[in-house]
Amino acid sequence: TKRKIESINNFVNKFRSNTKIVDLGSNLTTKDIGNIDLRIDNDLSVCRQMRQFFDNSKIILQINIADCLRLSDSNDFKALNLYGSAEAAIMTSIIHHLLIDYGLPLEVFYENLSKLYRNILLEFPTSNDPMVNLLMNKRNERIIWDWEKKHVPICTKFFEIKNKYKLSESRYLYELKRKNI
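Okay, so let's go over this structure. No experiment lies behind these values; they were computed from the predicted model shown.

About the thresholds
Residues numbered from 1 in each chain as written. Predicted model: local features only at pLDDT ≥ 70, side-chain atom pairs only at ≥ 80, totals over all residues. Heavy atoms only, no water. Phe/Tyr/Trp six-rings, centres within 6.5 Å; stacked < 30°, edge-to-face > 60°. Buried < 20%, exposed > 50% of the residue type's maximum accessible area, 1.4 Å probe, protein only. Lys NZ or Arg CZ within 6 Å of the ring centre and 35° of its normal. Salt bridge = Lys/Arg side-chain N within 4 Å of Asp/Glu carboxyl O. Helix = DSSP H or I, 4+ residues; strand = E, 2+ residues; numbered from the N terminus.

Structural notes on the packing of aromatic side chains
Okay, so step 1: Taken as a whole, this structure holds 6 aromatic pairs when the rule is applied.
Okay, so step 2: When the centroid spacing of 6.4 Å and the interplanar angle of 35° are considered together, the rings of Y172 and Y174 count as tilted.
Okay, so step 3: Since its relative accessible area comes to 17%, Y172 is described here as buried.
Okay, so step 4: In this structure Y174 comes out as buried when scored by relative accessible area, which is 4%.
Okay, so step 5: Just above the ring of Y172 sits the side chain of K164; from NZ or CZ to the centre is 4.8 Å.

A closer look at the pattern of salt bridges
Okay, so step 1: Taken as a whole and judged by the stated rule, the model has 11 salt bridges.
Okay, so step 2: Among the salt bridges present, the one from E107 reaches K157, with a minimum N-O distance of 3.1 Å. Of this pair, E107 sits in helix α6 (residues 106-116) while K157 sits in helix α8 (residues 147-158), and the two are 50 residues apart along the sequence.
Okay, so step 3: Overall, the relative accessible area of 32% leaves E107 in the partly exposed class.
Okay, so step 4: Three or more residues are tied together by salt bridges with common partners; here these are K4, E123, D129 and R171.

Interpretation in functional terms is not warranted from these geometric data alone.
Listed below in structure tokens is the structure:
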């Protein structure tokens, strides 16, 4: 959507001069945003399509992000932020896949992201989002999927929630800043 692209552009422009920027779960939505240094997706066909849009100065990795976030002492984990040179990340259309589909524990998700990035733009789909419902039905178990009740208490152990942007009735963007712990 237009509002989503504008918010991503604003985030990129805000941090571009200070750090490299990563798009986790990258897809073709951000292909026209040139100042993203690293794009990561688990889908080989998406990575191949992205490679057609960018020259060799842009890094595209096909990595299972959920597996990397589980193992914070691995080289793949360190690759998620270019071994420390990228401190800002865009995470749109991915959190529900990592937590529901791949079963990544909520605390591991936020804690390990805080080890990687100072600033994150995180898209959160609510429990009435069609994709969230599809993933829950596929998993065949009900998960309490609530930003205020479940995510905020854990997220705020590691991050300050700086801004909130409504994208639609079922999707929000949150700008997170790592706490100095």
